[in-house]
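# Chains, contacts and geometry: an overview
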Amino acid sequence: MLKAFCASIVQNKNLLMLLTAGIYILAIVFTLSELLLPFLIVIFLLIILSLSLNLFSYKHLIIWSVIVFIGVLNTSLRLKDVDELSSIAPLNAKVYGKIVTIPQGKAEGKIKFFFDVNSVETDFLTKSFNDEKILVSVNTVKSQNKNFNELKLHNYYILSGRISQPFKAGNPSQFDYGNYLRNHNAYSVFYADDFSVVEKELSLKSKFMQRVNNYRENILEKHSKYLKSPNLEILGGIVFGDDAVAAPKDVKESFIHSGLLHILAASGMNVAFIFTFFFMLMSVFKINYKLSTFLGMLTVIVYSMMTGLGASVIRATIMLLFVLAGKLIDRDAHSISLLSLVALLMLIYNPLFINDVGFQLSFIVTFGLLITGPIVIKSKNKIVAFIISTITIPIIAQLWVIPIQIFYFNNISIYSVFANIMSIPILMVLSFGGFISSLLAGITPIADVVCRSFDIVLNPLITLLINISDFWGKLPLSTLQTTHPSIFQILLYYGILLSVISMFYKDFCNKYLRVIKISLSVLSFILLITLIPIKNSALEITAFDVGNADAFMIKAPDNQYIFIDTGKVGFNGGKSQAEIIILKYLKDIGVKKVNSVVISHFDNDHCGGAVDLIKNLNVDSVYVTDLNHESNLAKTIYKTAKFNNTQLVKADNSQVIYDKNGLKLTNYIPTMRKSDNENSIITLLEYEGFSMLFTGDSTSVALEEVLNYLPKNIDVLKVPHHGADGGLNRNIIKYLAPKYSIVSVGENKFGHPSLLTLGLLEGSEVLRTDIHNAIKIKIKGKDLEVLTFDNNRKFWRNYY
């Protein structure tokens, strides 16, 4: 049976090309995951097995071996952690070069774009570069130069600001910004606060791309006379895609909850609509078939450039061009083999596309539609087929996309299918009207008349689309928050789905029905086993890697959660560390309720994420040093706690905040002083002979004041004030005698941790978040386990 199955793969063009592309993808994945050697060993054993059983010919095995070699080599050549530009970061500088992607986020006041750097000038060096790419971030609200919205694609500029390396992903579940940049061949970030234009002759390619982009912006400007926000951005998103036109934040939230966010991102559906409408227009004017096809190909290419060239658009454009090229030479394309070929070509061009969420969603949904669609859409009547496809395509797409959606976004849009069924007819009209008006608006004398005429029809339809989104998105339980599935669980899900679908292909089913049934039963059983929750009764203390700040999470043996400090507010107007790191992790493990949060004091690097925790979680109580602190951040915390019915409690000396199942947490407060640091809440954790002391930014004077309340010879000390001078002295170290000392520290200008402090901790095992990433202390019974987070392989490893 195995030999017959292998023979059927070779004889079927779709399966053969799918297998070839799959082998190349596996070579990329295992090269990126640092499991290349085991992968190559498995490939070698499979080749030996194939030769001994005569499963595949020598020709196929040689071709696939070459494919593996190309995949490994191509990926390895692109893998690097730094480039020459990032190696000089961080520093203030002026960079000269050109904008190479469409600036996004203008409406939100946070503009981002990629920039090819030709040279860098600082106070002590001037250095030339060969178009090294950097991500530029601009906070237009804080910037003194208010003309950043006028930045143009492919123009040359001198930008002033600071070059920085991307934030390290040293925590579980944290978005790896460095990997994101690496996927775009960039390795550093430039925070710009000023710019000047440089007049320079552009290349033909740059001139063409700039004209395409200017054309798009001119079209939107003409529509803006008759469409107001958010209708203008939604039409722009539908026609040109989210890469080119960003919708307002509240609209995005609504479309996320309703499951319609994909509408605002140009996709294969948009590309298909555009060509279909253009071809219909050519038919009306009775243009020659081959000329119409050729002109349609050019139209699709120009349209894809106007969208910002997202992965989904590139996939659809290349597929359509292959199909149309085949029509011109009277050759038909096989759908699955063509999809596989396009994936292969894109990944040969850039193997790191494999990490792009848009790439993954585009190909998996298209594959699902190609193999599932023919089963349910069989009617020869075009009207009936259209109605069936309108209803079934959203269902099929949801079935194939749901594991990836859960993996990346931790949610399921419950009513997505219904919202999409109602939206598809409207979307078709909007795509058609938007694109036709975009074409005709290029004719200057009639541009205003065209936009006004079309917008009279399009405006109410856009409003209707928003209402559909709001209706489904605001229903109870519109979005279900989920935990983070493993890659293994996702593979099991797709195995089950493929097994079910294969039962509807009669020829295949008749040959392998028994195998299909066994596979379906086994895969379903294994998936159900993996979904059974495993009780974790250990005490776990996690020190998050939040740079030069503090954020600690305590998981009690009964699975209640307590936080001590919450990291910083967002940098340059961005998201807080609590939102980026802590909340994402809590979503992944399914935590929605927190027993208490202790804010050691109101410095930004300790309380900066408290507001986000209170807003997004059910927090019972928050302990603070002062209920009338005058800082803006403290006032915001008070207000947020009151709005969310979270109890605010003033910390007191010897105050027990938790005492259950052998775990006890006690707050200690030194005599109040002028310095917030000296007033830090000191929290002692005790559990079955284990003890840990949390010290905030306390000084040695404050610590000595409460020293008599504390036990001697503790197990773990959270080193005060990121290891700064003055936090500890010999008397304190002699008394506490910690086995382990944790320094929560990152890039800073203060010299943390000081050599003096590290010297005092000579007899203790020192762990640092800037070196070891996130740190976890795990206590079960009498066993104490120290773990550090491996940010390359994304798992916890034993410290020793």
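Before any of the text, the structure's been laid out above.
So, here's what we can say about the structure. Keep in mind that what you see is a predicted model, and the values were worked out from it rather than measured.

It is worth spelling out a positive patch on the surface at this point. There is a patch of like positive charges on the surface, built from K110, K112, K249, K575, K587 and K615. Turning to its location among the elements, K112 is positioned in strand 2 (residues 110–121). Using a relative accessible area of 39% as the deciding quantity, one classes K112 as partly exposed.

In this section: the packing of aromatic side chains. Enumeration over the complete set of coordinates arrives at 23 aromatic pairs. Taking 5.6 Å as the distance between ring centres and 75° as the angle between the ring planes, the aromatic pair formed by Y493 and Y494 counts as edge-to-face. For Y493, a relative accessible area of 23% gives the class partly exposed. The exposure class assigned to Y494 is buried, which follows from its relative accessible area of 10%. In this structure, K133 packs its charged tip against the face of F114, placed 5.7 Å from the ring centre.

Moving on to the nonpolar core. Taken as a class, soluble globular proteins show a tendency for nonpolar side chains to be buried jointly. Counting residues in each nonpolar core, the largest one holds 44 residues, and the members touching the most others are M346, L347, F359, F363, W400 and Y494. Elements with a contribution of two residues or more to this core: helix 2 (13–32), helix 4 (58–78), helix 11 (311–328), helix 12 (335–349), helix 13 (357–376), helix 14 (382–409) and helix 17 (487–502). In terms of residues, this core owes the most to one element, helix 12, which gives 8 residues. Discounting residues that sit within four places of it in the chain, W400 has contacts with I364, F367, G368, I371, T372, Y494, L497, L498 and I501. Counting residues in each nonpolar core, the second largest holds 43 residues, with V251, A419, I426 and I462 among its members.

Using the criterion set out here, one finds 16 salt bridges in the structure. Of the charged contacts, one joins K168 and D545 as a salt bridge, the two residues approaching to 2.9 Å between their closest N and O atoms. Of the two residues, K168 sits in the loop between strand 4 (156–164) and helix 5 (177–183) while D545 sits in the loop between strand 8 (539–543) and strand 9 (551–555), which places them 377 residues apart along the sequence. With a closest N to O distance of 2.9 Å, K584 and D588 form a salt bridge. You can see K584 and its partner D588 sitting in helix 19 (residues 577–589), 4 residues apart, about one turn around the helix. Three or more residues are tied together by salt bridges with common partners; here these are K152, R216 and E217.

Here is what the cut-offs are and how they apply
- Residues numbered from 1 in each chain as written.
- Predicted model: local features only at pLDDT ≥ 70, side-chain atom pairs only at ≥ 80, totals over all residues.
- Heavy atoms only, no water.
- Patch = residues over 30% accessible without salt bridge, like charges linked within 9 Å, V, L, I, M, F, W, Y side chains within 5 Å.
- Areas by Shrake-Rupley, 256 points an atom, 1.4 Å probe, with all protein chains shown as cover.
- Salt bridge = Lys/Arg side-chain N within 4 Å of Asp/Glu carboxyl O.
- Lys, Arg positive; Asp, Glu negative; His and termini not counted.
- Charge placed at Lys NZ, Arg CZ, Asp CG, Glu CD.
- Helix = DSSP H or I, 4+ residues; strand = E, 2+ residues; numbered from the N terminus.
- Buried < 20%, exposed > 50% of the residue type's maximum accessible area, 1.4 Å probe, protein only.
- Phe/Tyr/Trp six-rings, centres within 6.5 Å; stacked < 30°, edge-to-face > 60°.
- Lys NZ or Arg CZ within 6 Å of the ring centre and 35° of its normal.
- Core = buried A, V, L, I, M, F, W, Y, C linked by side-chain atoms within 4.5 Å.
- Contact = heavy atoms within 4.5 Å.

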